[in-house]
Amino acid sequence: MAALGAPGTSIQLDRPRDTSHGDLATNVALQLAKPLKRPPRELAETIIAHLEAPQGLVTRTEIAGPGFINFWLADAAVVEVLRDILAAGDSWGSSATGRGRRVNVEFVSANPTGPLHVGHGRGAALGDAIAALLEATGHDVVREFYVNDAGLQIERLAASLWARVQQAAGREAEIPEGGYHGAYLEQLARQLLEQEPTIAELPESEGLDRCRDAAVRTQREEQNRDLADFGVEFDVVYSESEVYRQDLLAETLAELDGRGLTYEQDGALWLKTSEYGDTKDRVLRKRDGSYTYFLPDIAYHRTKAQRGFDLAIDVWGADHHGYVPRMQAAMVALGQSPDFFHAVIVQLVRVMRHGAEVRFSKRSGDFVTLRDLYEETGVDAVRYFFLMRRGDSQFLFDIDLATKQSEENPVYYVQYAHTRMAGIFRTAGLEAAAISAEGADLSLLTEEIEQDLIKRLAGFPALVEKAAEAMEPHRIIAYLEEVSRLVNNWYHHHRVLGVGADLERARLVLARATQIVLASGLTLLGVTAPERM
RNA sequence: GCGCCCGUAGCUCAGGUGGAUAGAGCAUCGGCCUUCUAAGCCGAGGGUCCCAGGUUCGAGUCCUGGCGGGCGCACCA
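Residues numbered from 1 in each chain as written. Chains lettered and ligands numbered in written order. Predicted model: local features only at pLDDT ≥ 70, side-chain atom pairs only at ≥ 80, totals over all residues. Heavy atoms only, no water.

Broken down by element type, chain A carries 20 helices and 14 strands. The burial tally for chain A puts 49% of its 533 residues in the buried class. Of all intrachain contacts in chain A linking residues separated by at least 6 positions in sequence, the fraction that spans at least 24 positions is 72%. Total accessible area computed for chain A in this model is approximately 25,200 Å², and 48% of it derives from carbon and sulfur atoms. Here chain A contributes 56 positively and 78 negatively charged side chains, and the mean placements of these two sets differ by 3 Å. (Helix = DSSP H or I, 4+ residues; strand = E, 2+ residues; numbered from the N terminus. Buried < 20%, exposed > 50% of the residue type's maximum accessible area, 1.4 Å probe, protein only. Contact = heavy atoms within 4.5 Å. Areas by Shrake-Rupley, 256 points an atom, 1.4 Å probe, with all protein chains shown as cover. Lys, Arg positive; Asp, Glu negative; His and termini not counted. Charge placed at Lys NZ, Arg CZ, Asp CG, Glu CD.)

Laid out in structure tokens, this is it:
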């Protein structure tokens, strides 16, 4: 660069989309053309003339198009990565870029007022995969579920159940305004009455307490079962009632006040969120003296910092996206860095069944639950489907299609590629984990498809880092499908077993490396990597 | 009215943070099973990347303005 009169220029090497443009390419000549006032192709020639590449690494360079410089790597150099993959095994793809960073990933956090629906499922799949990606990049991750077990909704739930208990005892009672009509409360009421026949005689306030506890507990248990069967487990379940129990509201209020960020107006207490990017200030304490739901939420997120997390990620449904700026503002107001709080928005899932959109409403008691969905189509398929698309893209889950065509589901395509590798080892009587690259002559892997496949496998760790950084698990899916396409093609055209001892040995290494990458990728997504199908 | 997200093949969607001829799956059409699983492979057709300007050597990607869709705009949770 110095020879060109542009010392200190950083050269960025990219992997071209089109393999006919080489293994690596740089556009540096195009970028320098203007400041140096020289034609880009001429610059490219000068650059190549001054290039000092390690012996035997680059086999060919080319100036292409308007001035791209393309490089081809020697096959023998490409192939060496297979030894690293086999040596690393399951940890291939992991890195330490996030070491020392404590991350709290909060997701699902469904109100304990009913079973989980498909929208929660998308949040569960996404949150769990983001957590897995962060773990793979060395972060110290806690998966957290926040329970809104206090507040108006819960009071309505308790009142609804209490009414059901009264009805079950043969008394007149009505579900209150805005209450819950689902059949599960009738069932629970009968259950409570069976366990304790006199429960309906209790004074109302005591009855409501009992109903609240029973409803929240049974709903939480059911949600946990639904999630566990979906393959999602939480490290911490944090209750809103805990925020009240520890009197964190007053503490939080005092801290905000101490920073001079609150003021009274119209009899209410406001937080100056507009000073931190929100469109307007928000009320913390209403005119009637009660708190808004915003304050306990701030207090709760404040605990995440107090509990030692460096980063708090919330996976929220799109119906809450308008809430992001004020929470962001509140955290900054409390002295956190602007990137302490990060909301990942997941669009609501629309569900299509029998050609019509299924409307689900908790209060009417008519909805498609997450469990319904995965019992019908399988956990692997549902999780894969939820992660195929970016979280913020709206998408339509057609149950009939997912069920009817389950055999053509893309998840099976990737899993099948994995089982094919397992099948090779099974036929050869080999234990997959025992396959080693030691002493194998990998230079025999000269087929173009083999070289392409190896180059893709080599890119896995970088991809995991990017996907983790962007919190976008769907990138893993796109990658896995590409690797599967390559390996299925390879499998179809080239045999591994019975092609001569040395070549067989080399190809077993490639098959094993591919299996490792496919299994790692699927695991990150929470999808199984079966040995047989 | 204001804000956020989205608009890419018949359908569902990908397209690192601006690069070369815009991709996949499904659907359609045509080939391929005596060989490690055909849940597969090979090939074909299919595109005004919503529209109009702008920035740039280069725009699906960035900026502005429209149009269309979703969601949100409470001292409700």
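The side chains of a regular strand alternate between the sheet's two faces. In this sheet, strand 3 (residues 68-73) lies alongside strand 1 (residues 24-26) in antiparallel orientation, the contact comprising three bridges. Bridged to Leu24 within strand 3 is Phe71. Hairpin connection, strand 2 (residues 58-64) to strand 3: the antiparallel pair is bridged by three residues, and Gly65 has positive phi, about 55°. (Pairing = 2+ DSSP bridges.)

Here we have three strands laid out as an open sheet, ordered 7-8-9, and antiparallel in their pairing. The outermost strands of the open sheet, each flanked by one partner alone, are strand 7 (262-265) and strand 9 (282-285). Shown here is a sheet whose adjacent strand axes are inclined to one another by a mean of 45°, direction ignored. Bridging between strand 8 (residues 268-271) and strand 9 involves three bridges; their strand directions are antiparallel. Looking at the pairing, Leu269 lines up with Arg285 of strand 9. Here helix 10 (residues 248-258) sits on the sheet and contacts strand 7, strand 8 and strand 9; the angle it forms with strand 9, its principal contact strand, is near 130°. (Axes fitted to C-alpha atoms, helices over the stretch in contact; angles between N-to-C directions.)

A sheet is described by the order of its strands in space; here five strands give the open sequence 6-5-4-10-11, paired in parallel fashion. Sheet topology places strand 6 (236-239) and strand 11 (341-346) at the edges, where each strand pairs with a single neighbour. Averaged over all adjacent pairs, the angle separating strand axes in this sheet is 25°, with direction ignored. Packing of helix 12 (residues 324-333) onto the sheet brings it into contact with strand 10 (311-317) and strand 11, and relative to strand 11 it is tilted by some 165°.

Within the secondary structure layout, Asp314 lies in strand 10. Take Asp314: its relative accessible area is 0%, and that puts it in the buried class. Those residues in contact with Asp314 that sit more than four places away from it in its chain are Glu106, His301, Lys304, Phe341, His342, Ala343 and Val344.

If you check the shell around RNA strand B, you find 59 residues, and the closest are Lys34, Tyr413, Tyr416, His474 and Asn489. If you look at RNA strand B and keep only atoms within 4 Å of the protein, 59% of those are sugar or phosphate atoms. In the environment of RNA strand B, a sugar or linking oxygen lies 3.1 Å from a nitrogen or oxygen atom belonging to the backbone of Gly423. Contacts to RNA strand B include Glu469, whose side-chain N or O atom sits 3.5 Å from a base oxygen. When residues of the surface near RNA strand B are traced back to their parent elements, those giving at least two are helix 1 (28-36), strand 3, helix 6 (152-168), strand 8, strand 14 (395-398), helix 16 (410-428), helix 18 (460-470) and helix 19 (474-493). (Near = heavy atom within 4 Å. Polar contact = N/O pair within 3.5 Å; in protein donor to acceptor, adjacent residues only side chain to side chain.)

This part is about the packing of aromatic side chains. For the coordinates displayed, the defined rule picks out twelve aromatic pairs. The interplanar angle of 10° and the centroid separation of 3.7 Å between the aromatic rings of Tyr146 and Tyr300 together place this pair among those described as stacked. Within this pair, whereas Tyr146 is found in strand 5 (residues 140-147), its partner Tyr300 is found in helix 11 (residues 294-306), the two being separated by 154 residues in sequence. Put simply, the rings of Tyr293, Phe294, Trp316, Tyr323 and Phe341 pair up and form one aromatic cluster. Taking NZ or CZ as reference, Arg383 lies 5.3 Å from the ring centre of Phe230, over its face. (Phe/Tyr/Trp six-rings, centres within 6.5 Å; stacked < 30°, edge-to-face > 60°. Lys NZ or Arg CZ within 6 Å of the ring centre and 35° of its normal.)

The subject of this paragraph is the confidence of the model for chain A. Confidence in the prediction of chain A, expressed as mean pLDDT, is 88, and 93% of residues score 70 or more. This stretch, residues 361-366, has a pLDDT under 50; its non-local contacts, to residues over four places away or in other chains, come to 15 contacts. Across the interfaces of the predicted complex, the ipTM metric reaches 0.92, alongside a pTM of 0.92. (pLDDT = per-residue confidence, 0-100.)

Turning our eyes to something else, we now look at helix 8 (residues 204-229). Here helix 8 contains 26 residues, and its C-alpha end-to-end distance of 37 Å stays within 8% of the 38 Å for a straight helix at 1.5 Å per residue. Along helix 8, the residues classified as buried are Gly207, Leu208, Cys211, Arg212, Ala214, Ala215, Val216, Gln219, Arg220, Gln223, Asp226 and Leu227. In the core, the buried residues of helix 8 are packed alongside helix 5 (118-136), strand 5, helix 6, helix 7 (183-195), strand 6 and helix 13 (370-377). Note on helix 8: the residue one or two positions beyond its end, Gly231, has a positive phi of about 85°. (Expected span 1.5 Å × (residues − 1).)

For chain A, the assigned domains read domain 1 (13-73) and domain 2 (78-97 + 406-524). Across the contact, four residues belong to domain 1 and four residues belong to domain 2. With both sides pooled, the region where domain 1 packs onto domain 2 buries about 300 Å², and carbon together with sulfur makes up 47% of that total. With a closest N to O distance of 2.6 Å, Asp23 and Lys455 form a salt bridge. Applying the counting rule to domain 1 against domain 2 returns one residue pair in polar contact (both at pLDDT 80 or more). (Domains from an automatic or database assignment. Buried area = accessible area lost by both parts, 1.4 Å probe. Salt bridge = Lys/Arg side-chain N within 4 Å of Asp/Glu carboxyl O.)

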